[in-house]
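Report on the structure
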Amino acid sequence: MSVIKKFEQFNLEERVLPDSQGEIVVVLGPPGSGKGTLSKQLKSDYNFEHISTGDVIRKSEDEDLKKIIARGDLVPDDLMLKILKKEFKKLDPTKNIILDGFPRTIKQANELDSMLGKMGLGLSHALFLKLPYDVAKERIKRRAEIEGRKDDADINTINKRFKEYEEKTFPLVDFYAKSRKLIKIDAEMGKDEILQKVVERMKLKKANKNL
Ligand code: ADP
(Lines give C-alpha, C1' and ligand atoms only; values in the text may rest on other atoms or scores of the structure.)
Protein backbone atom coordinates (compact mmCIF):
# COMPACT_ATOMS: atom_id res chain seq x y z
CA MET A 1 0.00 0.00 0.00
CA SER A 2 1.37 3.45 -0.83
CA VAL A 3 2.28 5.63 2.13
CA ILE A 4 -0.40 8.17 1.14
CA LYS A 5 -3.12 5.47 0.96
CA LYS A 6 -2.06 4.19 4.37
CA PHE A 7 -2.62 7.56 6.03
CA GLU A 8 -5.88 8.22 4.17
CA GLN A 9 -7.60 5.55 6.24
CA PHE A 10 -7.72 7.73 9.32
CA ASN A 11 -10.69 9.97 9.80
CA LEU A 12 -10.50 12.40 12.69
CA GLU A 13 -13.98 13.79 12.22
CA GLU A 14 -15.46 10.59 13.62
CA ARG A 15 -14.10 11.42 17.05
CA VAL A 16 -16.36 12.44 19.90
CA LEU A 17 -15.59 15.99 21.01
CA PRO A 18 -13.91 16.09 24.44
CA ASP A 19 -15.43 18.17 27.29
CA SER A 20 -12.10 19.75 28.16
CA GLN A 21 -8.63 20.07 26.77
CA GLY A 22 -5.11 20.34 28.14
CA GLU A 23 -2.48 22.71 26.84
CA ILE A 24 -1.85 22.14 23.14
CA VAL A 25 1.41 23.75 22.08
CA VAL A 26 3.63 23.78 19.01
CA VAL A 27 7.36 24.37 19.18
CA LEU A 28 9.18 26.33 16.47
CA GLY A 29 12.83 27.13 15.88
CA PRO A 30 15.66 26.39 13.46
CA PRO A 31 17.13 22.89 13.17
CA GLY A 32 19.29 22.31 16.25
CA SER A 33 17.47 24.87 18.43
CA GLY A 34 16.45 22.25 21.03
CA LYS A 35 12.83 21.54 20.13
CA GLY A 36 13.22 17.81 20.81
CA THR A 37 15.08 18.38 24.08
CA LEU A 38 12.45 20.78 25.41
CA SER A 39 9.64 18.46 24.32
CA LYS A 40 11.20 15.54 26.19
CA GLN A 41 11.58 17.64 29.37
CA LEU A 42 7.92 18.71 29.18
CA LYS A 43 6.96 15.07 28.68
CA SER A 44 8.88 13.76 31.66
CA ASP A 45 8.29 16.59 34.17
CA TYR A 46 5.04 18.24 33.12
CA ASN A 47 2.88 15.38 31.85
CA PHE A 48 2.94 16.35 28.17
CA GLU A 49 2.28 13.91 25.40
CA HIS A 50 4.81 14.44 22.60
CA ILE A 51 4.57 14.09 18.83
CA SER A 52 7.84 14.58 16.91
CA THR A 53 7.04 14.47 13.20
CA GLY A 54 10.79 14.18 12.48
CA ASP A 55 11.02 11.03 14.64
CA VAL A 56 7.91 9.55 13.02
CA ILE A 57 9.30 10.12 9.53
CA ARG A 58 12.76 8.82 10.40
CA LYS A 59 11.19 5.53 11.53
CA SER A 60 9.33 5.11 8.23
CA GLU A 61 10.55 2.40 5.84
CA ASP A 62 9.19 4.33 2.87
CA GLU A 63 11.95 4.94 0.31
CA ASP A 64 10.51 8.24 -0.94
CA LEU A 65 10.37 9.65 2.59
CA LYS A 66 13.93 8.49 3.28
CA LYS A 67 15.11 10.36 0.15
CA ILE A 68 13.28 13.55 1.16
CA ILE A 69 14.92 13.56 4.60
CA ALA A 70 18.35 12.75 3.15
CA ARG A 71 18.09 15.79 0.86
CA GLY A 72 16.96 18.09 3.69
CA ASP A 73 13.68 18.80 1.88
CA LEU A 74 10.30 19.10 3.52
CA VAL A 75 7.75 16.31 3.21
CA PRO A 76 4.75 17.54 1.10
CA ASP A 77 2.07 19.27 3.21
CA ASP A 78 -0.79 16.89 2.33
CA LEU A 79 1.13 13.78 3.33
CA MET A 80 2.47 15.49 6.43
CA LEU A 81 -1.04 16.38 7.56
CA LYS A 82 -2.16 12.77 7.20
CA ILE A 83 0.81 11.62 9.26
CA LEU A 84 0.03 14.21 11.93
CA LYS A 85 -3.64 13.25 12.08
CA LYS A 86 -2.76 9.60 12.54
CA GLU A 87 -0.39 10.42 15.41
CA PHE A 88 -2.79 12.95 16.98
CA LYS A 89 -5.57 10.39 17.02
CA LYS A 90 -3.52 8.21 19.38
CA LEU A 91 -3.41 10.98 22.02
CA ASP A 92 -5.80 12.00 24.76
CA PRO A 93 -6.65 15.69 24.06
CA THR A 94 -7.65 16.28 27.69
CA LYS A 95 -3.93 15.95 28.47
CA ASN A 96 -1.17 18.43 27.62
CA ILE A 97 0.23 17.90 24.11
CA ILE A 98 3.38 19.25 22.46
CA LEU A 99 3.83 19.13 18.68
CA ASP A 100 7.50 19.19 17.72
CA GLY A 101 8.27 19.72 14.04
CA PHE A 102 4.71 20.53 13.00
CA PRO A 103 3.64 22.93 11.56
CA ARG A 104 6.54 23.79 9.29
CA THR A 105 4.62 25.84 6.72
CA ILE A 106 1.76 28.36 6.85
CA LYS A 107 -0.43 25.81 5.06
CA GLN A 108 0.29 23.24 7.79
CA ALA A 109 -0.51 25.84 10.47
CA ASN A 110 -3.87 26.62 8.87
CA GLU A 111 -4.63 22.90 8.51
CA LEU A 112 -3.74 22.37 12.16
CA ASP A 113 -6.14 25.13 13.23
CA SER A 114 -8.89 23.61 11.16
CA MET A 115 -8.20 20.06 12.42
CA LEU A 116 -8.27 21.24 16.05
CA GLY A 117 -11.36 23.38 15.41
CA LYS A 118 -13.27 20.37 14.04
CA MET A 119 -12.39 18.50 17.22
CA GLY A 120 -13.57 21.35 19.44
CA LEU A 121 -9.98 22.09 20.45
CA GLY A 122 -7.65 25.07 20.05
CA LEU A 123 -3.94 25.77 20.17
CA SER A 124 -2.77 27.30 23.47
CA HIS A 125 0.71 28.57 22.57
CA ALA A 126 3.47 28.53 19.96
CA LEU A 127 6.88 28.31 21.62
CA PHE A 128 9.62 29.87 19.47
CA LEU A 129 13.19 28.85 20.32
CA LYS A 130 15.24 31.75 18.98
CA LEU A 131 18.82 30.82 18.11
CA PRO A 132 21.37 32.32 15.67
CA TYR A 133 22.01 29.97 12.73
CA ASP A 134 25.78 29.68 13.39
CA VAL A 135 25.15 28.50 16.97
CA ALA A 136 22.45 26.08 15.74
CA LYS A 137 24.82 24.63 13.13
CA GLU A 138 27.50 24.03 15.77
CA ARG A 139 24.96 22.16 17.90
CA ILE A 140 23.94 20.01 14.93
CA LYS A 141 27.59 19.06 14.31
CA ARG A 142 27.88 17.91 17.92
CA ARG A 143 24.57 16.03 17.72
CA ALA A 144 25.82 14.25 14.56
CA GLU A 145 28.71 12.83 16.57
CA ILE A 146 26.53 11.79 19.53
CA GLU A 147 23.30 10.57 17.90
CA GLY A 148 24.48 9.67 14.39
CA ARG A 149 21.42 11.16 12.63
CA LYS A 150 22.18 10.92 8.89
CA ASP A 151 20.59 14.28 8.06
CA ASP A 152 22.96 15.93 10.60
CA ALA A 153 26.15 14.63 9.00
CA ASP A 154 26.07 16.15 5.51
CA ILE A 155 26.73 19.87 5.12
CA ASN A 156 24.58 20.17 1.98
CA THR A 157 21.62 18.57 3.78
CA ILE A 158 22.10 20.84 6.79
CA ASN A 159 22.26 23.94 4.59
CA LYS A 160 19.11 22.85 2.73
CA ARG A 161 17.25 22.38 6.04
CA PHE A 162 18.19 25.91 7.13
CA LYS A 163 17.12 27.31 3.76
CA GLU A 164 13.75 25.53 4.00
CA TYR A 165 13.38 26.76 7.59
CA GLU A 166 14.15 30.37 6.64
CA GLU A 167 11.80 30.42 3.65
CA LYS A 168 8.89 28.27 4.80
CA THR A 169 8.90 27.89 8.59
CA PHE A 170 10.22 31.20 9.93
CA PRO A 171 7.11 33.09 8.62
CA LEU A 172 5.15 31.13 11.26
CA VAL A 173 6.72 33.32 13.97
CA ASP A 174 4.80 36.27 12.60
CA PHE A 175 1.70 34.12 11.99
CA TYR A 176 1.52 33.13 15.68
CA ALA A 177 2.52 36.60 16.92
CA LYS A 178 -0.56 37.97 15.12
CA SER A 179 -2.84 35.49 16.88
CA ARG A 180 -1.11 36.36 20.20
CA LYS A 181 -0.05 32.78 20.80
CA LEU A 182 3.69 33.31 20.42
CA ILE A 183 6.06 32.80 23.34
CA LYS A 184 9.58 33.76 22.30
CA ILE A 185 12.44 32.10 24.23
CA ASP A 186 16.16 32.86 23.95
CA ALA A 187 17.51 29.39 23.11
CA GLU A 188 21.18 30.30 23.70
CA MET A 189 20.61 29.50 27.38
CA GLY A 190 21.17 26.02 28.83
CA LYS A 191 18.36 23.46 28.52
CA ASP A 192 17.23 23.73 32.16
CA GLU A 193 17.01 27.53 31.96
CA ILE A 194 15.01 27.26 28.73
CA LEU A 195 12.60 24.84 30.43
CA GLN A 196 12.30 27.20 33.41
CA LYS A 197 11.38 30.12 31.14
CA VAL A 198 8.75 28.05 29.34
CA VAL A 199 7.29 26.90 32.65
CA GLU A 200 7.10 30.50 33.92
CA ARG A 201 5.54 31.87 30.74
CA MET A 202 2.99 29.05 30.49
CA LYS A 203 2.41 28.94 34.26
CA LEU A 204 2.86 25.16 34.29
CA LYS A 205 2.67 23.06 37.44
CA LYS A 206 5.10 20.20 37.90
CA ALA A 207 3.48 16.80 37.42
CA ASN A 208 3.08 14.68 40.52
CA LYS A 209 4.52 11.37 39.36
CA ASN A 210 2.99 9.54 42.33
CA LEU A 211 -0.57 10.27 41.28
P1 ADP B 1 15.18 19.40 12.77
O2 ADP B 1 14.22 20.28 13.49
O3 ADP B 1 16.39 19.09 13.57
O4 ADP B 1 15.52 19.88 11.38
P5 ADP B 1 13.23 17.16 12.65
O6 ADP B 1 13.63 15.92 13.35
O7 ADP B 1 12.10 17.94 13.23
O8 ADP B 1 14.55 17.98 12.47
O9 ADP B 1 12.80 16.81 11.12
C10 ADP B 1 13.65 16.08 10.27
C11 ADP B 1 13.11 16.07 8.83
O12 ADP B 1 11.78 15.49 8.79
C13 ADP B 1 12.92 17.43 8.17
O14 ADP B 1 14.13 17.91 7.62
C15 ADP B 1 11.87 17.12 7.10
O16 ADP B 1 12.42 16.45 6.00
C17 ADP B 1 10.95 16.14 7.80
N18 ADP B 1 9.81 16.80 8.50
C19 ADP B 1 9.56 16.77 9.84
N20 ADP B 1 8.44 17.46 10.14
C21 ADP B 1 7.98 17.95 8.96
C22 ADP B 1 6.86 18.77 8.59
N23 ADP B 1 5.99 19.22 9.50
N24 ADP B 1 6.69 19.09 7.28
C25 ADP B 1 7.53 18.65 6.36
N26 ADP B 1 8.61 17.88 6.62
C27 ADP B 1 8.84 17.53 7.91
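These figures come from a predicted structure and were not determined experimentally.

1. Here's the deal with the pattern of salt bridges
Opposite charge on two side chains permits pairing when their charged atoms draw close. Tallying each qualifying case throughout the model produces 16 salt bridges. We note a salt bridge from D73 to K160, for which the minimum N-O separation is 2.3 Å. Here D73, found in the loop between α4 (63-71) and α5 (77-89), pairs with K160, found in helix α8 (residues 155-169); they are 87 residues apart in sequence, far enough to count as distant. For D78, the salt bridge is made with K107, and the minimal N-O distance between the two is 3.0 Å.

2. Section: the sheet that holds strand β4 (residues 125-130)
Taken in spatial order, the 5 strands line up as β2-β3-β1-β4-β5 in an open sheet, and their pairing is parallel. Every interior strand has two partners, whereas the edge strands, β2 (48-52) and β5 (182-186), have only one. Geometrically, the sheet is characterised by an average inter-axis angle of 20° between neighbouring strands, direction not taken into account. Here strand β1 (residues 24-28) runs beside strand β3 (residues 96-100); their pairing, made up of 4 bridges, is parallel. In the strand pairing of β3, I24 is matched with I97. In this fold helix α9 (residues 171-178) packs onto β1, β4 and β5, with an angle of close to 145° to the strand it touches most, β1.

3. Describing the environment of G22
Here G22 lies in the loop between α1 (3-8) and β1. For G22, a relative accessible area of 13% corresponds to the buried category. Between the alpha carbons of G22 and R180 there is a distance of 18 Å; along the sequence they are 158 residues apart. When near neighbours in sequence (up to four residues on either side) are disregarded, G22 contacts P93, T94, K95, N96 and S124.

4. Describing unusual backbone geometry
Most peptide bonds adopt trans geometry, and most residues besides glycine take a negative phi value. In this chain, F102 is followed by P103 through a cis amide linkage whose omega measures 5°. Inspection of the secondary structure assignment puts P103 in the loop between β3 and α6 (106-118). Notably, N47 is not glycine yet its phi reads approximately 60°, a positive angle. Mapped onto the secondary structure, N47 falls in the loop between α2 (35-46) and β2. A positive phi angle, near 55°, is found at K203, a position not held by glycine. Locating K203 in the fold gives a position in the segment after α10 (191-202). Owing to a relative accessible area of 69%, K203 belongs among the exposed residues under this scheme.

5. A look at the layout of surface pockets
Taken as a whole, the largest pocket spans an internal volume of roughly 1100 Å³. Considering the residues around the largest pocket, the lining is formed by 48 residues, among which G32, K35, G36, R143 and R149 are closest to the centre. The set of elements that each furnish at least two residues to the lining of the largest pocket consists of β1, α2, α3 (53-59), α7 (133-147), α8 and α10. The dominant element in the lining of the largest pocket, judged by the number of residues it contributes, is α2, at 6 residues. Here the lining of the largest pocket is built from residues that sort into 17 nonpolar, 15 polar and 16 charged. Here the second largest pocket defines a volume of roughly 240 Å³. Residue lining of the second largest pocket: I57, R58, K66, I69, A70, G148, R149, K150, D151 and T157, and that is the complete set. Of all the elements in the fold, those that place two or more residues in the lining of the second largest pocket are α3 and α4.

6. Here we look at the nonpolar core
Counting residues in hydrophobic clusters, the biggest one holds 33 residues, and the most contacted among them are F88, L99, L112, L116 and Y176. Secondary structure elements with two or more residues in this core: β1, α4, α5, β3, α6, β4 and α9. Top element by residues in this core is α5. It accounts for 6 residues. Sequence-distant contacts of L116, defined by excluding residues within four places in its chain, comprise I24, F88, L121, G122 and L123. By size, the runner-up hydrophobic cluster in this structure holds 23 residues, among which are L38, A136, V198 and M202.

Rules used throughout
Residues numbered from 1 in each chain as written. Predicted model: local features only at pLDDT ≥ 70, side-chain atom pairs only at ≥ 80, totals over all residues. Heavy atoms only, no water. Salt bridge = Lys/Arg side-chain N within 4 Å of Asp/Glu carboxyl O. Helix = DSSP H or I, 4+ residues; strand = E, 2+ residues; numbered from the N terminus. Pairing = 2+ DSSP bridges. Axes fitted to C-alpha atoms, helices over the stretch in contact; angles between N-to-C directions. Contact = heavy atoms within 4.5 Å. Buried < 20%, exposed > 50% of the residue type's maximum accessible area, 1.4 Å probe, protein only. 1 Å grid on protein atoms, 1.4 Å probe; cavity = no way out; pocket = protein on both sides within 12 Å on 5 of 7 lines; lining within 4 Å. Points joined across faces, edges and corners; volume = space filled by probe spheres on them. Nonpolar A, V, L, I, M, F, W, Y, C, P; charged D, E, K, R; others polar. Core = buried A, V, L, I, M, F, W, Y, C linked by side-chain atoms within 4.5 Å.

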